[in-house]
Amino acid sequence: MRYQQTMIPGVRTITPEPIDDIRGSFHEGLRADEFEREMGYPFAPRQINYSVSKRNTLRGIHGVRIPPGQAKYVTCVRGALRDIVVDLRIGSPAFGEHVTHVLDAGSGRSVYIPEGVCHGFLALTDDACISYVLSSTHVPGTQIDINPLDPDLALPWGFTEPPLLSEKDAGAPTVAEALSAGTLATWEEAHRRDHFVPR
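Description of the structure in this document. Remember, it's a predicted structure, so these values are computed and weren't measured experimentally.

What to know about the nonpolar core
Counting residues in each nonpolar core, the largest one holds 16 residues, and the members touching the most others are Val-11, Val-74, Val-85 and Val-111. At the level of secondary structure, the elements contributing two or more residues to this core comprise strand 7 (72-78), strand 8 (80-87), strand 9 (98-104), strand 10 (110-113), strand 11 (117-123) and strand 12 (128-134). Tallying contributions element by element places strand 12 first for this core, with three residues. Apart from residues lying up to four places away in sequence, Val-74 is in contact with Asp-83, Leu-103, Arg-109, Ser-110, Val-111, Ile-113, His-119, Ile-130, Ser-131 and Tyr-132. Membership of the second largest hydrophobic core comes to 15 residues, among which are Leu-122, Ile-146, Val-175 and Ala-178.

Written out as C-alpha cells, the structure reads:
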C-alpha cells in the first residue's frame, strides 16, 4: 500500500497494490499495522457505513464535533465519485483549505480523514457506493454540517447541472456561521484526540 500525505496535515491517500490473475484481482483495503507505522497512532474501527448515490448527488460537507470526534477512512466500492476534504480545525495551518480526489472502485484508493476535518463528495456515476470506516459510533446531535456550496469555500465540485442535495445539506450553515456558533474544533483539540504528530 502506498501512503501519500496531502497538503492538509494528517490527511492521507492510501493506494493499494493489487494482485491480478485470470480470475480477477485482490488487494488489501486497510492494514492496521502499516497504518500505525505511517501515521504514528492507531486507527481502531468502531462502525462501518455505506451510502449509495445517484449520479450528480452531492453529500456533505460533514464532520463530527469533538467530543466525541470521528476519524474516517473512506473508499469508493462501486462506481466513482469526486471526494473533497476540507480542513476546518480552527488554528490549523491549512484552515479552510481543501484537497480533491477522484475515488473509484477500480483503483481501490482510500482517503484517511482525521478528527476535525470535514468531508463530502459528488457522485460521478449512477449507483456509486462509498464505504466509511469510522473511529467512533454515531452519536445523535453531534454532526457538523457545512453548506457544500459556501461561496467562501468555493469548492471545485465540477458539476454541470444543479446537484441533488438533501434539504439538510442545502440549508446547512456556512463556515462563517459555524465559526460564529462555536461548532468547529480547534487544532489543539483535534491534535490531542488523534495523538497527531505532524510529519
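There is more to say, and it comes next.
Some details on the pairing of strand 2 (residues 12-15)
Covered by surrounding structure in strand 2 are Arg-12 and Ile-14 together with Thr-13 and Thr-15, the residues of both alternating faces. As paired elements, strand 1 (residues 2-5) and strand 2 share four bridges and run antiparallel to each other. Directly across from Arg-2, in strand 2, lies its bridge partner Thr-15. The hairpin turn running from strand 1 into strand 2, its antiparallel successor, is six residues long, and Gly-10 in that turn takes a positive phi close to 90°. By the bridge criterion, three bridges tie strand 2 to strand 10 in an arrangement that is antiparallel. In the sheet register, Arg-12 faces strand 10, and the bridge partner there is Tyr-112.

So, how was this worked out
Residues numbered from 1 in each chain as written. Predicted model: local features only at pLDDT ≥ 70, side-chain atom pairs only at ≥ 80, totals over all residues. Heavy atoms only, no water. Core = buried A, V, L, I, M, F, W, Y, C linked by side-chain atoms within 4.5 Å. Buried < 20%, exposed > 50% of the residue type's maximum accessible area, 1.4 Å probe, protein only. Helix = DSSP H or I, 4+ residues; strand = E, 2+ residues; numbered from the N terminus. Contact = heavy atoms within 4.5 Å. Pairing = 2+ DSSP bridges.

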